[in-house]
Amino acid sequence: MTALRFLYNRRVRITLLSLLTFLTMIAAVVTYLADKERQAAARLDFSRSPWAIAATEVEALRYSHALNLLARTPDDPALRRETLRRFDTTWSRVDVLKHGPEGKPLFRLPGYPETLEAFDKVLNDQDPLIAHLDKATPDELRAAYSQINKIIPRLREAFLTMLTDPNYNGMRSSAAQNELEARLGLLLIGLDTLIIVLFILLITEISSTQRLLRHSDAMVAVLREREAELATLHAASQQARQQAEEANNAKTAFLANMSHELRTPLHSILGFSETIKRASFGPIQPPRYAEYVGHIHQSAEHLFSLVEDLLSLTRIEARQYTLNETRLDLAAPCRFAVDLLRSKAEAGGISLTLGEAPAPPVVIFADLRTVRQCVLNLANNAVKFTPAGGSVSVTWGVNAEGEAEITVADTGIGISADEQGSVFDPFYQVDHGLARQHTGAGLGLPLVKSLIELHGGRVTLVSRPGDGSRFTLTFPKDRLI
Ligand code: ADP
């Protein structure tokens, strides 16, 4: 059926149908013409049949008979008239045979034109005699009689040849007509075959189209079914999504409330433990409590920063975090972070350096507290995850694309390619020895990412395990002043 694929095109089908109709019409016309031709051939045309020769012979016989009678009674005027009439009729018949109705001899028999010529000559010779029959002697009339009688058998001979030979008798189809009929027959057969083939093609095409239609109906039914299933699934997923959103909102609200609730007692713990640590109201007894109170203060600080981070993240998620944007020199947040971590780095045997301030200074429009927190988180991690003897640097400047950026680089333990995609997820921590030795809740990097994105910027990480890490904060171009 693939060979008939072109029939799927409606235009092709219409063209074929038109062709079919056209061919049928041609076949009808050709059949009609052929039939007419055949009828014409079958019609008897006496003037063209051998009987025209026979009639001439009969006339010539009548003429010779009249001559014979007149030779015996030359003075009979009625007989003279009769002889003259027969002579004229014979001559005109011979003339018709010679020239035919269209000026051509009627028959093309071998020797036939010569016979007519001879006949014509005889009649021509006798013409003066016939013109003066009253003066004709019986001898002259007898001579004319025998002259005409000699030539008559030649006419009969021609007549008989024509009668017995189908090629000349004019009653049967000539060779040319036979050929024409054969050609017409072939043409008709060809046309009929073509029509039948086209008809079969159309029938097969129609049945295959019907099959296709049935098939497509089935497909449509299946699609409708799938559509209904999809609609049900969509409704279910919408419902699930709504539930998830509601749950997420509830979680955000809960976290925000809890953070607020935790901050109040934490403030007290921090304040009182600080007072005790300083021994503001007298020495601590026994002295061992001083160590404990140090731990209490440290733990409260850790807990406080955790609650702060949580609160920031929930605010960002609830779109309630507002930036307090001003002009700021990037040197400020970098210096702040390095100053704050200097003692921690020294304690860990790590060299912590601040990059050289570029000229002119890099000034951007941003929220100082937020940028500070980002740099501090990154630098804090760098110090945390760099073993003794390593180094951490905080630098800033403008990159090749004209964007302001801050880079925190360390020579620490590094992060594997697998982990790099996850370290920005909340509560994610790479499970390795050094990380486990340090406190943390996996909120630092997600917070950095959210805060820099609030500025329209991005954080990128380049790291290899054992080779250290390089975190870069990039601010959008339009923030550069
Ligand atoms: P945490 O409070 O646990 O440090 P972060 O979100 O700041 O949480 O970091 C997530 C994890 O990413 C860390 O636990 C650590 O495994 C990894 N990480 C972050 N910074 C570095 C770094 N500079 N070098 C190696 N690992 C790092």
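Cut-offs used in this document
- Residues numbered from 1 in each chain as written.
- Predicted model: local features only at pLDDT ≥ 70, side-chain atom pairs only at ≥ 80, totals over all residues.
- Heavy atoms only, no water.
- Pairing = 2+ DSSP bridges.
- Helix = DSSP H or I, 4+ residues; strand = E, 2+ residues; numbered from the N terminus.
- Axes fitted to C-alpha atoms, helices over the stretch in contact; angles between N-to-C directions.
- Contact = heavy atoms within 4.5 Å.
- Near = heavy atom within 4 Å.
- Polar contact = N/O pair within 3.5 Å; in protein donor to acceptor, adjacent residues only side chain to side chain.
- Areas by Shrake-Rupley, 256 points an atom, 1.4 Å probe, with all protein chains shown as cover.
- Nonpolar A, V, L, I, M, F, W, Y, C, P; charged D, E, K, R; others polar.
- Salt bridge = Lys/Arg side-chain N within 4 Å of Asp/Glu carboxyl O.
- Buried < 20%, exposed > 50% of the residue type's maximum accessible area, 1.4 Å probe, protein only.
- Patch = residues over 30% accessible without salt bridge, like charges linked within 9 Å, V, L, I, M, F, W, Y side chains within 5 Å.
- Core = buried A, V, L, I, M, F, W, Y, C linked by side-chain atoms within 4.5 Å.
- Phe/Tyr/Trp six-rings, centres within 6.5 Å; stacked < 30°, edge-to-face > 60°.
- Lys NZ or Arg CZ within 6 Å of the ring centre and 35° of its normal.

**Focus: the sheet that holds strand E4 (residues 391-398)**
- Here we have five strands laid out as an open sheet, ordered E2-E4-E5-E7-E6, and mixed in their pairing. Each edge of the open sheet is held by one strand with a lone partner, namely strand E2 (351-354) and strand E6 (458-464). Taken pair by pair, the neighbouring strands of this sheet meet at an average axis angle of 15 degrees, ignoring direction.
- Two elements, strand E5 (residues 404-410) and strand E7 (residues 468-474), share five bridges in a ladder whose sense is antiparallel. In the strand pairing of E7, Glu405 is matched with Thr474.
- Lying over the sheet, helix H8 (residues 331-347) contacts E2, E4 and E5, oriented at roughly 165 degrees with respect to E2.
- Here helix H9 (residues 368-384) sits on the sheet in contact with E4, E5 and E7, set at roughly 20 degrees to E5.

**Describing the site of the ligand**
- As a matter of local geometry, the ligand sits amid 22 residues, with Asn381, Lys384, Asp410, Gln429 and Leu445 nearest to it.
- Here a nitrogen atom of the ligand and a side-chain polar atom of Asp410 are 2.9 Å apart.
- With the chains in place, 96% of the 530 Å² that the ligand exposes on its own is no longer accessible.
- Among the elements of the structure, H9, helix H12 (444-454) and E7 are those that each provide at least two residues to the shell around the ligand.
- Counted by class, the shell around the ligand contains 12 nonpolar, eight polar and two charged residues.

**Section: the pairing of E4**
- Where E2 and E4 come together, four bridges link them in parallel fashion. Across the sheet, residue Leu354 finds its bridge partner in E4, namely Val394.
- Sheet topology note: the E4/E5 ladder contains seven bridges and is antiparallel. Looking across to E5, one finds that Thr395 is bridged to Thr407.
- Linkage of E4 to E5, two consecutive antiparallel strands, is achieved through a turn of five residues, within which Gly402 is found at a positive phi near 85 degrees.

**As for the pattern of salt bridges**
- Per the stated rule, a full pass over the model turns up 19 salt bridges.
- Among the ionic pairs, Arg464 bridges to Asp467, the shortest N-O distance being 3.1 Å.
- Looking at Arg464, the relative accessible area reads 57%, which means it is exposed.
- When salt bridges that share partners are traced, they join Glu59, Arg62, Glu82, Arg85 and Arg86 into one network.

**Overview of a nonpolar patch on the surface**
- On the surface, Val29, Tyr32 and Leu33 cluster together into a nonpolar patch covering about 320 Å² of accessible area.
- The topology assignment puts Val29 in helix H1 (residues 10-42).

**Quick word on the nonpolar core**
- Core analysis: the largest hydrophobic core is formed by 46 residues, its most contacted members being Leu330, Ile406 and Leu473.
- Looking at which element gives the most residues to this core, the answer is H9, with eight residues.
- Setting aside anything within four residues of it in sequence, one finds Leu330 in contact with Val362, Ile364, Trp396, Ala404, Glu405, Ile406 and Phe475.
- Leu79, Phe87, Phe119 and Leu129 belong to the second-largest nonpolar core, a separate cluster that totals 31 residues.

**Observations regarding the packing of aromatic side chains**
- Under the definition given, this model contains four aromatic pairs.
- Measuring from centroid to centroid gives 6.3 Å for Phe424 and Phe471, while their planes differ by 75 degrees, and the two rings are edge-to-face. In this pair, Phe424 is assigned in the loop between helix H10 (417-420) and helix H11 (433-436) and Phe471 in strand E7, connecting sequence segments 47 residues apart. Phe471 matches Phe424 in its accessibility class, with the two residues each being buried.
- Cation over ring: Arg372 sits above Phe336, and NZ or CZ is 4.4 Å from the ring centre.

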